[in-house]
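Residue strings, one per chain:
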Amino acid sequence: MTAPHIDRQYLSAVLAKLLTIDSPTGMTDGAVAFVCDELRDMGIAFELTRRGAIRADLPGARKSPDRAVAVHLDTLGAMVKQIKDNGRLEVTMIGHWSSRFAEGARVTVYADGGKTFRGTILTIKASGHTYNTEIESQPVTWEQLELRLDARIANGDDVRALGVHVGDMVAIDTNAEFTDSGFVVSRHLDDKAGVAAVLAAVRAVVNGQASLPVECHVLFTIAEEVGLGAPHILHDDIAELVAVDNGTFAPGQNTSEFGVTIAMKDMSGPFDRKLNRHLLGLCETNGIEHSRDVFKFYRSDVASALEAGYDTRASLICFGLDASHGHERAHIDSFVAVGELLVAYLQSPPIDQV
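Residues numbered from 1 in each chain as written. Predicted model: local features only at pLDDT ≥ 70, side-chain atom pairs only at ≥ 80, totals over all residues. Heavy atoms only, no water.

Peer 1: What's the story with the pattern of salt bridges in this structure? I'm lost.
Peer 2: Opposite charge on two side chains allows them to pair when their charged atoms are near. Counted by the stated rule, this structure contains 15 salt bridges. Across the pair Lys 125 and Glu 134 runs a salt bridge, and its minimum N-O distance is 2.6 Å. Given a relative accessible area of 38%, Glu 134 falls into the partly exposed group. Where Glu 257 meets Arg 329, a salt bridge forms, and the shortest distance between an N and an O atom there is 2.9 Å. Linking Glu 257 in the loop between β13 (238-248) and β14 (260-266) with Arg 329 in strand β18 (residues 329-331), this pair joins segments that are 72 residues apart in sequence. Exposure remark for Arg 329: the relative accessible area of 30% places this residue in the partly exposed category. Connected through salt bridges with shared partners, the residues Lys 84, Arg 88 and Glu 146 form a single ionic network. (Salt bridge = Lys/Arg side-chain N within 4 Å of Asp/Glu carboxyl O. Buried < 20%, exposed > 50% of the residue type's maximum accessible area, 1.4 Å probe, protein only. Helix = DSSP H or I, 4+ residues; strand = E, 2+ residues; numbered from the N terminus.)

Peer 1: How should I be thinking about the packing of helix α5 (residues 189-207) against helix α8 (residues 332-346) in this particular structure?
Peer 2: Relative placement of two packed helices is described by the angle separating their axes and the distance separating the axes. One can describe the packing of α5 onto α8 by two numbers: an axis separation of 8 Å at closest approach and a directional angle of 45°. The pairing of α5 with α8 is recorded here as oblique in orientation. Every pair of crossing elements has a handedness; the one defined by α5 and α8 is right-handed. Here Ala 193, Ala 197, Val 198, Ala 201, Ala 204 and Val 205 of α5 come into contact with α8, specifically with Phe 335, Val 338, Gly 339, Leu 342, Val 343 and Leu 346. In the contact of α5 with α8, the residues fall into 11 nonpolar, one polar and no charged. (Axes fitted to C-alpha atoms, helices over the stretch in contact; angles between N-to-C directions. Parallel < 35°, antiparallel > 145°, perpendicular 65-115°, else oblique. Left-handed = near helix turned anticlockwise from the far one by under 90°. Contact = heavy atoms within 4.5 Å. Nonpolar A, V, L, I, M, F, W, Y, C, P; charged D, E, K, R; others polar.)

Peer 1: Help me understand the pairing of strand β8 (residues 145-149), please; the structure alone is not making it clear to me.
Peer 2: Consecutive residues of a regular strand have side chains that alternate between opposite faces of the sheet. Counting buried residues in β8 gives four out of five residues, a clear majority hidden from the surface. Two strands pair when backbone bridges link them, and strand β7 (residues 116-123) and β8 are joined in this way by five bridges, in the antiparallel orientation. Its bridge partner lying in β8, Thr 120 is registered against Arg 148. (Pairing = 2+ DSSP bridges.)

Peer 1: Hey, could you run me through the nonpolar core in this one?
Peer 2: A general tendency of soluble globular proteins is for nonpolar side chains to be buried together. Residues Phe 220 and Ile 317 are the most contacted members of the largest nonpolar core, which totals 87 residues. The element best represented in this core is α5, accounting for 12 residues. Residues contacting Phe 220, with those up to four places away along its chain left out, are Val 35, Leu 39, Ala 53, Ile 54, Val 71, Leu 73, Val 195, Val 198, Leu 199 and Ile 233. Of all hydrophobic cores here, the second largest spans 22 residues; its members include Ala 78, Ile 83, Leu 89 and Trp 97. (Core = buried A, V, L, I, M, F, W, Y, C linked by side-chain atoms within 4.5 Å.)

Peer 1: Sorry, what's going on with the packing of helix α1 (residues 8-18) against α5 here?
Peer 2: Packing of α1 against α5 brings their axes to within 9 Å, and their N-to-C directions diverge by 140°. Overall, the two elements α1 and α5 adopt an arrangement that is oblique. When the axes of α1 and α5 are compared, the crossing they make is right-handed. Here α1 contributes Tyr 10, Leu 11, Val 14, Leu 15 and Leu 18 to the contact with α5, which in turn contributes Leu 189, Lys 192, Ala 193, Val 195, Ala 196, Ala 197, Leu 199, Ala 200 and Arg 203. Of the residues assigned to the contact of α1 with α5, the class counts are 12 nonpolar, no polar and two charged.

Peer 1: Would you mind showing me how to read the packing of aromatic side chains here?
Peer 2: When we look at a pair of aromatic rings, we describe it by the centre distance and by the angle of the planes. Throughout the structure, instances matching the rule amount to four aromatic pairs. Between the aromatic rings of Phe 319 and Phe 335, the centroid separation amounts to 5.4 Å while the plane-to-plane angle is 85°, which identifies the pairing as edge-to-face. Placement of Phe 319 in strand β17 (residues 313-321) and of Phe 335 in helix α8 is noted, with a sequence separation of 16 residues between them. Phe 335 sits in the buried class, given a relative accessible area of 0%. Across the ring face of Tyr 345, the terminal group of Arg 67 is positioned such that the distance to the ring centre comes to 4.2 Å. (Phe/Tyr/Trp six-rings, centres within 6.5 Å; stacked < 30°, edge-to-face > 60°. Lys NZ or Arg CZ within 6 Å of the ring centre and 35° of its normal.)

Peer 1: I'm lost on α1 in this one. Help?
Peer 2: Think of an α-helix as 3.6 residues a turn; residues three or four steps apart then line up on the same face. For α1, every residue scored as buried is listed here: Tyr 10, Leu 11, Val 14, Leu 15 and Leu 18. The buried side chains of α1 occupy one side of the element, clustering within an arc of 130° when seen end-on. The secondary structure elements touched by the buried residues of α1 are α2 (29-41), β10 (177-178), β11 (183-185), α5 and α8. Sitting at the amino-terminal end of α1 is Asp 7, which places a side-chain oxygen 3.0 Å from the backbone nitrogen of Gln 9. (Arc of directions from axis to C-beta. Polar contact = N/O pair within 3.5 Å; in protein donor to acceptor, adjacent residues only side chain to side chain.)

Peer 1: Quick question: what am I supposed to make of the pairing of strand β1 (residues 45-48) here?
Peer 2: Bridging between β1 and strand β2 (residues 54-58) involves four bridges; their strand directions are antiparallel. Counted as the bridge partner of Leu 48 is Ile 54 from β2. Between β1 and β2, which pair antiparallel in sequence order, lie five residues; one of them, Gly 52, sits at a positive phi of approximately 105°.

On their own, these measurements won't tell you what the molecule is for.
See below:
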């Protein structure tokens, strides 16, 4: 088996670019176009589904039954729910995340005709000079937030005159920072870091001219954050499905902050025992830093596929992420470890031959 080699600079560059592309669920075309360009540069065949997800193909000695690796391009976001009389916007979340982490976020509102508007999400009572201690007693709910547009407006009619409407998408700024110590601090590392790790793994396989025993479909899904995930993009003959997503590095968890984590169970149930042991064995054989963890409040592309009735072994591998769905932080070493495991997995024999 070819020793896995992940280009850290490429992975970091891809992640940095992805973090500049807004892609809340329902508005992923920009991220899809970027990934398509990367796949073309690598000479990898791919197709787009009717909904705009990507199915790329890595040929192998055996065509069927085959494998799939899934990772999602969509992120959390928000949507305009109402235009208020005072010219502020009521917003509703896209995906599940706490309004606590929306407070103070800089955003872009995407309106019709390619118009965009900048703004900030604030609590309804945002000024201590006006509300004094009342600002401390506001509940943590989306109903207590409003979006302030950076435009000369005084009322709802002014907002409508700009071309802002109910249902316009709201993308949250990432505020990405790459530190000298290897940490990446940013919103939406879930799952753009996973996408970067998958692309780096695919590039390593292609550049190394690695021989794959089984054909693999690399799936870039576009609606994981709202629970839809992989089912609309899976082939019926996929025997093994490995999803790539974040693992929660936090007290009470066993996720590796600097390695790859094999999820043993999430809220949808245990993952495939044989496939998990296979992945753990690859980590040990290839000297990849790793751990195992169990997640209580977690779903992924795997859960939606199994619930849709797909007859496939399924596992979830994770990079370590602190403060998921909030002010996230992760380390490049963890992304690299995910990529290394994927390279080893793609070159390994299928479970039915182990």
